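# Report on the structure
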Amino acid sequence: MTSFSPGFRGRARPLADRLPPGQYPTEAFPVLSTGPTPHVPTAAWDLTVTTEHGETRRWTWDGMMELPQQDTVQDLHCVTRWSRFDTRWRGVPLDVFLEDLETAAEHVVVESHGGYTTNLPLADLLGGRAWIAHTYDGHPLAPEHGGPARLLVPHLYLWKSAKWVRALRLTTTNEPGFWESVGYHDYGDPWREQRTWGD
Amino acid sequence: MADTSDHLDGNCLAGPLSEILALEPTTAWWRCPQCARSGPLAGLHVYGPEPGLTARCPGCAYIALRLVRQGEHVWLTVGGGTGAFRFRVTP
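Summarised in this report is the structure supplied together with it. None of these values were measured; they are calculated from a predicted model.

Here we come to the environment of Phe-85 of chain B. Residues and elements named next belong to chain B. Its location among the elements puts Phe-85 in strand S8 (residues 85-88). With a relative accessible area of 54%, Phe-85 lands in the exposed category. Separated by 10 residues in the primary sequence, Phe-85 and Trp-75 place their C-alpha atoms 5.6 Å from one another. Look past the residues within four positions of Phe-85 in its chain and what remains in contact with it is Val-74, Trp-75 and Leu-76.

On to the side chain of Asp-71 of chain A. Position of Asp-71 of chain A relative to the elements: it lies in strand S5 (residues 69-77). A polar contact is formed between the side chain of Asp-71 of chain A and the side chain of Arg-90 of chain A, at a distance of 3.1 Å.

Attention now moves to the sheet that holds S8 of chain B. All names here are of chain B. Strand order across the open sheet formed by six strands is S1-S4-S5-S6-S7-S8, with antiparallel pairing between neighbours. The two strands at the open ends of the sheet, each matched to only one other strand, are strand S1 (8-9) and S8. For strand S6 (residues 63-70) and strand S7 (residues 73-78), the ladder comprises six bridges, and the chain directions are antiparallel. Bridge pairing in S7 links Leu-65 to Val-78.

Once that is clear, we can look at unusual backbone geometry. Cis peptide bonds are those with omega within 30 degrees of zero, and the linkage from Gly-147 of chain A to Pro-148 of chain A qualifies with 15°. The linkage connecting Glu-50 of chain B with the following residue, Pro-51 of chain B, adopts the cis geometry, with an omega of -5°. The backbone of Asp-86 of chain A sits at a positive phi, close to 55°, despite the residue not being glycine. Tracing the backbone through its elements, the reader meets Asp-86 of chain A in strand S6 (residues 82-93). Assessed through its relative accessible area of 40%, Asp-86 of chain A is described here as partly exposed. Unlike most non-glycine residues, Trp-164 of chain A shows phi in positive territory, near 55°.

On to the packing of aromatic side chains, then. Tallied over the full model, the rule gives 12 aromatic pairs over all chains. Pairing Trp-89 of chain A with Tyr-136 of chain A gives two aromatic rings, centres 4.8 Å apart and planes at 55°, and the pair type is tilted. Highlighted residues: Trp-89 of chain A in strand S6 and Tyr-136 of chain A in strand S9 (residues 131-136), separated in sequence by 47 residues. The exposure class of Tyr-136 of chain A is buried, given its relative accessible area of 14%. Relative to Trp-75 of chain B, the ring of Trp-197 of chain A has its centre 5.8 Å away and its plane inclined at 75°; by these criteria the two rings are edge-to-face. Of this pair, Trp-197 of chain A sits in the segment after strand S12 (165-171) while Trp-75 of chain B sits in strand S7, on two different chains. Exposure remark for Trp-197 of chain A: the relative accessible area of 55% places this residue in the exposed category. A relative accessible area of 10% places Trp-75 of chain B in the buried class. An aromatic cluster is defined as three or more aromatic residues linked by ring pairs; in this entry it consists of Tyr-116, Tyr-157, Trp-159, Phe-178, Trp-179 and Tyr-184 of chain A. The cationic tip of Arg-66 of chain B hangs over the ring face of Phe-178 of chain A; the distance from NZ or CZ to the ring centre is 4.4 Å.

With that settled, the discussion passes to the environment of Ala-36 of chain B. All names here are of chain B. In this structure, Ala-36 sits in the loop between strand S2 (29-31) and strand S3 (38-40). With a relative accessible area of 38%, Ala-36 lands in the partly exposed category. Ala-36 sits 21 residues away from Cys-57 along the chain, and the two C-alpha atoms are 9.7 Å apart.

Turning our attention to the interface of chain A and chain B. Each partner contributes residues to the interface: chain A has 18 residues there, and chain B has 21 residues. Overall, the association of chain A and chain B removes approximately 1,600 Å² of surface from exposure, summing both partners, and the carbon and sulfur fraction of that is 61%. Considering only the surface of chain A that becomes buried against chain B, Pro-36, Trp-179 and Val-182 of chain A emerge as the three largest contributors, covering 31% of it. Across the contact surface, chain A and chain B share zero salt bridges. Between chain A and chain B we count five residue pairs in polar contact (both at pLDDT 80 or more) in total. A per-class count over the side of chain A that touches chain B returns nine nonpolar, nine polar and no charged.

With that out of the way, let us pick up the nonpolar core. Core analysis: the biggest nonpolar cluster contains 40 residues, and Leu-94, Phe-97, Leu-125 and Ile-132 of chain A have the highest contact counts within it. In contact with Ile-132 of chain A, other than residues within four places in its own chain, are Trp-45, Leu-47, Met-64, Gly-91, Val-92, Leu-94, Phe-97, Ala-149, Arg-150, Leu-151 and Val-165 of chain A. If you look at the next biggest cluster of nonpolar residues, it comprises 17 residues, including Leu-17, Ala-55, Ala-64 and Leu-76 of chain B.

So, how was this worked out
Residues numbered from 1 in each chain as written. Chains lettered and ligands numbered in written order. Predicted model: local features only at pLDDT ≥ 70, side-chain atom pairs only at ≥ 80, totals over all residues. Heavy atoms only, no water. Helix = DSSP H or I, 4+ residues; strand = E, 2+ residues; numbered from the N terminus. Buried < 20%, exposed > 50% of the residue type's maximum accessible area, 1.4 Å probe, protein only. Contact = heavy atoms within 4.5 Å. Polar contact = N/O pair within 3.5 Å; in protein donor to acceptor, adjacent residues only side chain to side chain. Pairing = 2+ DSSP bridges. Phe/Tyr/Trp six-rings, centres within 6.5 Å; stacked < 30°, edge-to-face > 60°. Lys NZ or Arg CZ within 6 Å of the ring centre and 35° of its normal. Buried area = accessible area lost by both parts, 1.4 Å probe. Salt bridge = Lys/Arg side-chain N within 4 Å of Asp/Glu carboxyl O. Nonpolar A, V, L, I, M, F, W, Y, C, P; charged D, E, K, R; others polar. Core = buried A, V, L, I, M, F, W, Y, C linked by side-chain atoms within 4.5 Å.

Right, dumping it as structure tokens:
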């Protein structure tokens, strides 16, 4: 089953209105890395969601592909100031993975292969605003862009869209992630230019 | 281990670290707590420079340090933990 997220069929907004403050548009898709690129075969891939009570849900690659899929077109905004418009993704909305979880947690720590982490509010993963994305522009997501699957949270700066995602850990306290612990903003809203600690 | 096209060597840390260290940093000796490999800071594999510099063990990719320059501040973590020191430096 495939659905289309709102806005999939094009937007009337002029590009200038889609560029957050301090950003420049690019046709490129730069790769920023914090370490060697993990190469995770889909046969070995899984995703776990763990609540603060220790309840764990797990999906294999095949299990994820059987979930409701969604195509979405999104603008990406990197804290290093580039923005890329109309990127085309396919994946599973986070609402599907988080449905009916018994939790009082308000925060999530996203954990990736290679040791990368990022923190964000649980609410920002809900409401059709975040995906586990496995396809980019009609092709399997390349390892350098986070394949086989990455988090996609396009309403926040791109460092929140963790590449090579493997686990979501729901927490009752806010735990700074890889970049958040060295001066980057806990939330990272590009429209409020929340780049660094104190912005 | 990593190919050599996606990272720099630790000599690129000389400038950013010299802002907060009084001694020339690249000859500092470091021993990896994960794989026990040892060598000079100049031999680390460094990823970045944006959003920040991540220096890793050339043997096992364990994080040796992370450094982020933001305006008049340098943020530094030593090792893989998340506790960072923030230094004020001259812009």
